[in-house]
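Results of the structural survey
The lines below spell out each chain.
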Amino acid sequence: MQGGTTGAPAPAPDATEEPGTAEEPRSADEAADVADAAAEGQAADAAGPAEDDTEDEAEGGAEVGAEGGAAGDGEAAGGAEGEAAGGAEVSAEGEAAGGAEAAAGDQAVDAAEPAGAAEVGAEGAAAAAAALSDAQAELAAQRELRARIEARKAEKGGPVAAGAKLSGTAADLLAAVRAVEGGAASGSTLYEAPEPAPRRPAPEAAPAVTVRPPAPVRAPAPAPGTTAAVREVLAKGGAPEALAGQVAATLGEGAAAALLDDPWQLLAVPGVRPEQADGFARALLGPACGPDDPRRTVALTVWILDRAALQGHTALEIQAVRAGLAGHAVPDPESAVEEAVAAGAVLVFQEESPEPEAYAEDDEAPEESAPEEPASPVLLGLDRYAMAEESLADALARLARTVTAAEWDGTELERAAGAHGLVLHTGGEASRAEPVALAAAARARGLRTLVAIHADDGRRALGAAGEDAVTVAALLSGRAGPGRDEEGALALDLLVVLDAPQLDVESAAMLVESLPDGCRLVLSGDPGVLGAPGAGQVFTDVLAARVCPRIASRLPDPGPLGELVSGIGAGELHQVEAPGKEIVIVPVRDAGEAVHRTVQLVADSVPRAIGVPSEQTQVVTVGHGGSAGTRALNTALKQRLNPGPGRFGGYDVGDRVAYAPAPGRTVTGTVLSADAEGLRLRCGDEAVLVPRERVESELRHGWALTAHQAAGTRWPAVVVVLPGDAAGGLSRPWVYTAFGRAERHLSVVHGVDQALPRAVAEGVAPERTTRLRPLLETLLAVPEE
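Thresholds, definitions, all that
- Residues numbered from 1 in each chain as written.
- Predicted model: local features only at pLDDT ≥ 70, side-chain atom pairs only at ≥ 80, totals over all residues.
- Heavy atoms only, no water.
- Helix = DSSP H or I, 4+ residues; strand = E, 2+ residues; numbered from the N terminus.
- Buried < 20%, exposed > 50% of the residue type's maximum accessible area, 1.4 Å probe, protein only.
- Contact = heavy atoms within 4.5 Å.
- Lys, Arg positive; Asp, Glu negative; His and termini not counted.
- Salt bridge = Lys/Arg side-chain N within 4 Å of Asp/Glu carboxyl O.
- Polar contact = N/O pair within 3.5 Å; in protein donor to acceptor, adjacent residues only side chain to side chain.
- Pairing = 2+ DSSP bridges.
- Core = buried A, V, L, I, M, F, W, Y, C linked by side-chain atoms within 4.5 Å.
- Axes fitted to C-alpha atoms, helices over the stretch in contact; angles between N-to-C directions.

Structurally, the position occupied by Asp499 is in the loop between β8 (494-497) and α19 (505-513). Among the residues examined, Asp499 registers a relative accessible area of 13% and is labelled buried. Remark: the alpha-carbon pair of Asp499 and His454, spanning 45 residues in sequence, is separated by 5.9 Å. Those residues within four positions of Asp499 in sequence are excluded, and the remaining contacts are Arg432, Ile453, His454, Ser524 and Gly712.

Within the element layout of this structure, Asp526 appears in the loop between β9 (520-525) and α20 (538-545). Lacking a salt bridge, the buried Asp526 has Arg741 as its closest oppositely charged neighbour, with an N-O distance of 6.2 Å. Separated by 3.0 Å, the side chain of Asp526 and the backbone nitrogen of Gly528 make a polar contact. Excluding its chain neighbours within four sequence positions, the residues that come into contact with Asp526 are Gly427, Gly428, Pro501 and Tyr736.

Here six bridges tie strand β16 (residues 678-683) to strand β17 (residues 686-691), and the two strands are oriented antiparallel to one another. Pairing of Leu681 across the sheet is with Val688, part of β17. Adjacent in sequence and paired antiparallel, β16 and β17 are bridged by two residues, among which Gly684 carries a positive phi angle near 65°.

So, about the nonpolar core. Of all hydrophobic cores here, the largest spans 88 residues; its most connected members are Leu234, Leu495 and Leu521. Apart from residues no more than four positions distant in its own chain, Leu521 is found in contact with Leu396, Leu399, Gly421, Leu422, Val423, Leu495, Val497, Val512 and Leu515. Residues Val576, Val720, Val752 and Ala755 belong to the second largest nonpolar core, which totals 36 residues.

Most of strand β14 (residues 656-662) is tucked away: seven of the seven residues are buried. Bridge analysis of β14 against strand β15 (residues 665-674) gives five bridges, and the strand direction is antiparallel. Opposite Ala658, over in β15, you have Thr668 as the bridge partner. Between β14 and β15, which pair antiparallel and follow one another directly, the connecting turn spans two residues, one of which, Gly664, has a positive phi of 90°. Direction of pairing for β14 relative to strand β18 (residues 699-701): antiparallel, over a ladder of three bridges. Looking at β18, one finds that Tyr659 is bridged to Leu699.

As a further point, take the side chain of Ser477. Relative to the elements of secondary structure, Ser477 occurs in helix α18 (residues 472-477). A polar side-chain atom of Ser477 sits 3.2 Å from a polar atom in the side chain of Arg479.

This part takes up the sheet that holds strand β7 (residues 470-471). Strand order in the open sheet formed by six strands is β7-β6-β8-β9-β5-β10, and the pairing between neighbours is parallel. The sheet is open, and its two borders are formed by β7 and β10 (550-552), each paired with just one other strand. Strand direction decides the pairing type here: strand β6 (residues 449-453) and β8, joined by four bridges, are parallel. Bridge pairing in β8 links Ala452 to Val497. Helix α16 (residues 433-444) contacts β5 (422-426), β6, β8 and β9 of the sheet and is inclined by roughly 160° relative to β6. Contacts between α20 and the sheet are confined to β5, β9 and β10, with β5 contributing the most and set at about 110° to the helix.

This structure, assessed with the given rule, holds 22 salt bridges. Glu429 serves as the salt-bridge partner of Arg741, at 3.7 Å between the closest nitrogen and oxygen. With Arg741 in the loop between α26 (732-739) and β21 (742-750) and Glu429 in the loop between β5 and α16, the pair connects residues that are 312 residues apart, well separated along the chain. Between Arg773 and Glu777 there is a salt bridge, with the nearest N and O atoms lying 3.0 Å from each other. Here the residue Arg773 and the residue Glu777 both occupy positions in helix α28 (residues 772-779), the gap between them amounting to four residues, near one helical turn. Looking at Arg773, the relative accessible area reads 38%, which means it is partly exposed.

See below:
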């Protein structure tokens, strides 16, 4: 690739990286690092073979944090720093095509005729001060879901106290775990859930009343007395008192007593690591506590599964959990897992294998028995994700069964949506026009229709049709959308969800449960992009289950950028003619040069030569740490584009920021002002207040983002930075997502040599362990192909 030509150069799952390469605190003994780690909420740990340290896997977990404090300068996935051999070179073919040398790529951009400066979007009007912030609405939705989870737990009976001698049901449960592993029983016998509600009748019969969640309300803040009591306990154990608010919010009203009784409950606070919780426990309990303390092993088991959720898993194989426990000096990982199961902290699952085909006694037995298929692995999971996946599967099945089929004229997608309650639509950026057209046609038929998108910036790409679109987060919080009836159902006949691969399982469950019987649901998205930053892979699982129509768009993405990205999706890094400088490659020798070139492109070359101002140019890189990660790039870009002392918690008016109102979701904005209440931002057309106590945890500078943060949004110009130490974090979905964020112009600051074409050809993102697909296959018959 060179100048205006893209080619393979000469011979990485978000705040935030995909669930994975998190950055470790420099010292577990430093109180500041505990606070930073809690704010970061991202690092992936060695939870066994199921976890991977690539940046591609790490982005979702870091994105869950998206929080401003530095938890150490963790290396970008890929490991070694410095330049890759030959990293400054491009292929001979790429150098020939376009007639300009790749080394002069930046100058080629400068020399191109300006295409006319694009105007910066107008300032959005400030929202009313009383309106719920994104953070409050998201937290309220999560609290509502967790309350339902706790209610479900209460129905199972009281848990066995950790470390107590087991008998009765608990003893039977432990025996059942061993039986499952030995193949003598099914894991489903271990999941003591209440009896499932009767299945809904067919559409012609009167459907049963559906109980749906009400619109979320404002989440109450911890009582001052609770926070003060927690602060005293933290001080007694040598932990930062700044964690008091998070601990009180996580553990509830009895947080102080809970910590005194079980100090390892500190691990429930996002970002706190086992070695930090161990030190806290030793300070409170003295030498009596050891690595095999049942309270410790139960908390560690839950922590490992929580970390796996940051990587996108809703469950883990039991062997992976045991390996993770062994890595944290648990003497008997097998007993530790059994203890966690008996305490009700984790659940056990195993998909039942099909029974072998029986034959009568007088039939001739088969000459050779077919080889036995390996038994399904035993999985461990947390109640919150188990409930979300089961609720989502039930809700999707309900929509598929209760819709009244109708014959709609029009496109293939319109016909499928008329006849079915659940339809999947796949395609690239250009194909987004098809589900939007479906929504317009449905409105013309008199149906109550809504289009939901992942990010506010997605409206601009939809043109006039985007004015009526709402974000999934705003719809769930009640800040936008049609409102809910007395049962909590959204007043809709058709919901079209764009960017569906960005749906995590909990958000998807809340969304689909809120749809009334008979409502149609169309999930649309590009299966080639990086997955959701949260737990689950809803779009991928529903596609794989083959339980509903799947309409593949034939509409290609236009222009050189569309040709390049389409080739990457097919595993090929094509040479693409780009006469209008739509694609420019800028080779670099090391990370320092990568940072310098990136600043030059954003501040000068792209605005002057391409006509896209700096405000509409986004930098995308592999990770947060390293010498060319988001931290280093944002520092350099701020110094050039908006220098200042960082008067307001490290930020100045005019700073570009990445705001994480809830785990797993990042929006970009600009600092408008600051006052005693906190920082005021403009995010799209909305004014947002970030309380001063949450500035450190929810804000980062946002001139540079990771690919997971950028997923679901596009910009007129994008600069993708690939320093040599990022090679190990590249994968085909990462490259596909990063390169696909550009609408008019893409600059690639290239220092990874052959790692780029190799990642495109071979780099498949790690699979996530989930249960949604088999649940759907059980509930819905597989249609004939």
